[in-house]
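Inside the fold
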Amino acid sequence: MPPTLASLVHHSALKLTVRAGEDRLDVPVRWAHSSELADPVPYMEGGELLLITALKLDAEDPQAMRQYVRRLAGAGVVGLGFAVGVHYEDIPDALVEAARGEGLPLLEVPRRTPFLAISKAVSAAIAADQYRAVTAGFAAQRELTKQALTDGPEGLLAALAAQVDGWAALYDTAGAVVAAAPEWAGRRAARLTADVQRLRERPAPASSVVGGGAGDSEQPENTDRVELHSLGTSRKARAALAVGTAATLGTAERYAVHSAIALLTLTTERSRSLHAAEQRIGAAVLRMLLAGEPDHARAVAGDLYGDLLDAPFRMIVAEAASASAARAHAGPQARVPVTKPSAAALAAADTGGDPLGALAEAVESAAARAGEAVLVVPEGQRLVVLATDEGAAVAACAAYAAALEASRPTPEPITSGDEEGLVVGLSAPSGPIAASAAYKQAEQALSVARRRGRVCVEHEHLAAGSVLPLLADDAVRAFADGLLRALRDHDATGRGDLVASLRAWLSRHGQWDAAAADLGVHRHTLRYRMRRVEEILGRSLDDPDVRMELWLALKATTTE
């Protein structure tokens, strides 16, 4: 504890006597300072014990003393020491009454006690308090290190909560609570997710203070003071630490918090290295699965990804919108030239402005919270994910895609200028033997999502819909217009209605009477018109492929 007026009064060598403010002696003293200025306030910082002899004061003037004491109290001076037997044999009543009126402690300093002795006593007490704080801080650091090595982050948080007499919590990159101590702190920590997310938007290292106000009468635990600290060495924080206490942290507690930040940062960096190694193993497992070697893949996966291969999984293929648009423009078989980053580079990359990195974080965080295995492999400007069917990782991917979808005004074809966008394709549930087919399904779903202007499409939903929306493509429309142009030109001369007749005939599956009835013409007229269609197009309507192309062309132009 820092020195207080009470500790100075009880100091046997100082012989101080309390003349006013007896109920405020427990106030800490930051320093002891002597001044004979009529107005020493400009030189005060607050928390001082001011020592005077009243050399330049009219200490017997009640009005002057009230003004003097009022200014001292307003400046944060915690006490006034008056030396008797120098200029005044006793403390003047005017000063005593003024001190009592302001509630400012007034100490009588005997002549045999020099001001220097009081300053030394204060200085020695402050030094002793700082030494105790440093010693306690080193002891806390040793204890936190021990707990971190034996029980991991959970043990470290428990030790930190005990050191600060409060609670502590660790958050992941998404702002979700990973661990908290004591157990009841988990609910309190969960309310700070939005604050943690805001902290993560700032360049690391960053910290902020929340709470500490009057709080909520229905939730009194919200009155605590919470410090939030980002963790990690990269520009974007990889985790965050929250420390809740009833009051501002002292020196010893501050040492403990800083030690915890350092230890958790080391743990975070070590986890990133392990994560990069795991990604390299995951890439090898994926290559074996796609090569049709599930037994070898299972052997390499071991305990790391073995559980993932024992249950139905989903294959997820995601592309940045800019790369997806470039691939669509170049053609389905074209490869977009990219510089392929290593797994370690992706793990260390800043996810700001990187939709693939943000998706990877969301999926991995959800899987970690649920205790699921998830395989995340970066492939240039693509991300391939293997996740348990109906698991937390798949749900997180769908939720992330839904959030991006909701942020877009209207579904539009993906353009190369959409730097922040994302396109995702999900396969149907599959197993190791059919991994290659699942990958192809995910790519097909990705292609459909790109053409429809959707963020995410599941392969299972493709068969449940209609093929007609796929005709809403510029290339398909151009083909349809070219195929039907000659017929439209013929109709424009007023010599017949070949396009409408062709549509009616195809819709009735070549039934002459039914189609003629729909058109309101004789069946011989319709037969004549279909012969003219064959003559103009140079194709036979007996060919099922020709009928199919004409029907699709008619549907494609109808959707305009």
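Before reading on, note that the structure itself is shown above.
Residues numbered from 1 in each chain as written. Predicted model: local features only at pLDDT ≥ 70, side-chain atom pairs only at ≥ 80, totals over all residues. Heavy atoms only, no water.

Before going further, it helps to spend a moment on the packing of aromatic side chains. For the coordinates displayed, the defined rule picks out two aromatic pairs. Measuring from centroid to centroid gives 6.1 Å for Phe-82 and Tyr-88, while their planes differ by 55 degrees, and the two rings are tilted. Judged on exposure class, the residue Phe-82 and its partner Tyr-88 are both buried. (Phe/Tyr/Trp six-rings, centres within 6.5 Å; stacked < 30°, edge-to-face > 60°. Buried < 20%, exposed > 50% of the residue type's maximum accessible area, 1.4 Å probe, protein only.)

Bringing the pairing of strand β11 (residues 313–320) into the picture now. Summarising burial for β11: eight of the eight residues are buried, a large majority. Here β11 shows two buried faces, one formed by Phe-313, Met-315, Val-317 and Glu-319 and the other by Arg-314, Ile-316, Ala-318 and Ala-320. Looking at chain direction, β11 and strand β13 (residues 382–388) are connected through seven bridges and run antiparallel. Across the sheet, Ala-318 pairs through a bridge with Leu-383, a residue of β13. Examined bridge by bridge, β11 and strand β14 (residues 422–426) share five bridges and lie antiparallel to one another. (Helix = DSSP H or I, 4+ residues; strand = E, 2+ residues; numbered from the N terminus. Pairing = 2+ DSSP bridges.)

With that settled, consider the side chain of Ser-365. Summarising the element assignment, Ser-365 is placed in helix α11 (residues 355–370). Looking at Ser-365, its side chain comes within polar contact range of the main-chain oxygen of Glu-361, at 2.8 Å. Residues contacting Ser-365, with those up to four places away along its chain left out, are Asp-172 and Thr-173. (Polar contact = N/O pair within 3.5 Å; in protein donor to acceptor, adjacent residues only side chain to side chain. Contact = heavy atoms within 4.5 Å.)

Now for the packing of helix α2 (residues 62–74) against helix α3 (residues 93–102). The N-to-C vectors of α2 and α3 enclose an angle of 40 degrees; their axes lie 8 Å apart at closest approach. Here α2 is positioned oblique relative to α3, judged by the angle of their axes. Viewed along their axes, α2 and α3 form a crossing whose handedness is right-handed. Listed contacts from α3 to Pro-62, Met-65, Arg-66, Val-69, Arg-70 and Ala-73 of α2 are Ala-94, Leu-95, Ala-98, Ala-99 and Glu-102. (Axes fitted to C-alpha atoms, helices over the stretch in contact; angles between N-to-C directions. Parallel < 35°, antiparallel > 145°, perpendicular 65-115°, else oblique. Left-handed = near helix turned anticlockwise from the far one by under 90°.)

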